[in-house]
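Below, each chain spelled out in residue letters.
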Amino acid sequence: NISKRKEISHPAAKTLVDISMSQDTEVGDGTTSVVLLAGEMLKQMKSFVEDGVHPQTIARTVRRTGALAVERVRLLSVPFDVSTDAGRDMLLK
């Protein structure tokens with residue numbers, strides 16, 4: 001575990017470690033992907049902070065954008081039942 005190897009003092013780095021640990025606990029995989037995605041999001045937000053946009057405004061916008069993304073994925077998803085032959089076939093596709 002990266003957080004046990006080294007004391008981390010930078011707030012953004014601590015956030016990335018927390019995200020990675022949470023992903024590992026909840027899913028057991030995808031820690032690199034979640035850290036890369038979060039790092040890119042932080043990189044993109046930096047200019048807004050430098051321009052004086054309030055952190056609460058940035059956080060609120062990120063939450064709204066995340067909710068919109070989740071809703072879009074739900075709209076695009078194709079439900080299937082893995083307890084049926086057709087559902088298992090769909091899972092394999």
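Here the structure is shown first, and the text comes after it.
Residues numbered from 1 in each chain as written. Predicted model: local features only at pLDDT ≥ 70, side-chain atom pairs only at ≥ 80, totals over all residues. Heavy atoms only, no water.

**Structural notes on the overall build of the protein chain**
Consideration 1: Tallying secondary structure elements over the protein chain gives five helices and zero strands in all.
Consideration 2: Ordered by position from the N terminus, the helices and strands of the protein chain form the series α-α-α-α-α.
Consideration 3: What you see for the protein chain is a C-alpha radius of gyration of 18 Å, clearly larger than the 12 Å of a compact globule of 93 residues, by over 25%.
Consideration 4: Seen through its C-alpha atoms, the protein chain measures out along the principal axes to roughly 55 × 35 × 15 Å.
Consideration 5: The proportion of buried residues among the 93 residues of the protein chain is 10%.
Consideration 6: Contacts spanning at least 24 positions in sequence make up 6% of the contacts within the protein chain whose residues lie at least 6 apart.
Consideration 7: For the protein chain, the separation between the mean place of its 13 positive charges and that of its 12 negative charges on side chains is 5 Å. (Helix = DSSP H or I, 4+ residues; strand = E, 2+ residues; numbered from the N terminus. Rg over C-alpha atoms; globule rule 2.2 N^0.38 Å. Buried < 20%, exposed > 50% of the residue type's maximum accessible area, 1.4 Å probe, protein only. Contact = heavy atoms within 4.5 Å. Lys, Arg positive; Asp, Glu negative; His and termini not counted. Charge placed at Lys NZ, Arg CZ, Asp CG, Glu CD.)

**Observations regarding the packing of helix α2 (residues 11–26) against helix α3 (residues 31–50)**
Consideration 1: At a closest axis distance of 9 Å, the pairing of α2 and α3 adopts a crossing angle of 145°. As for how α2 packs across α3, the hand of that crossing is right-handed. Note on element contacts: α3 touches α2 through Thr31, Val34, Val35, Ala38, Gly39 and Leu42, opposite Ala12, Leu16, Ile19, Ser20, Gln23 and Asp24. (Axes fitted to C-alpha atoms, helices over the stretch in contact; angles between N-to-C directions. Left-handed = near helix turned anticlockwise from the far one by under 90°.)

**Observations concerning the environment of aspartate 85**
Consideration 1: Mapped onto the elements, aspartate 85 comes out in helix α5 (residues 85–92).
Consideration 2: Between the C-alpha atom of aspartate 85 and that of leucine 37, which follows or precedes it by 48 residues, the distance is 36 Å.

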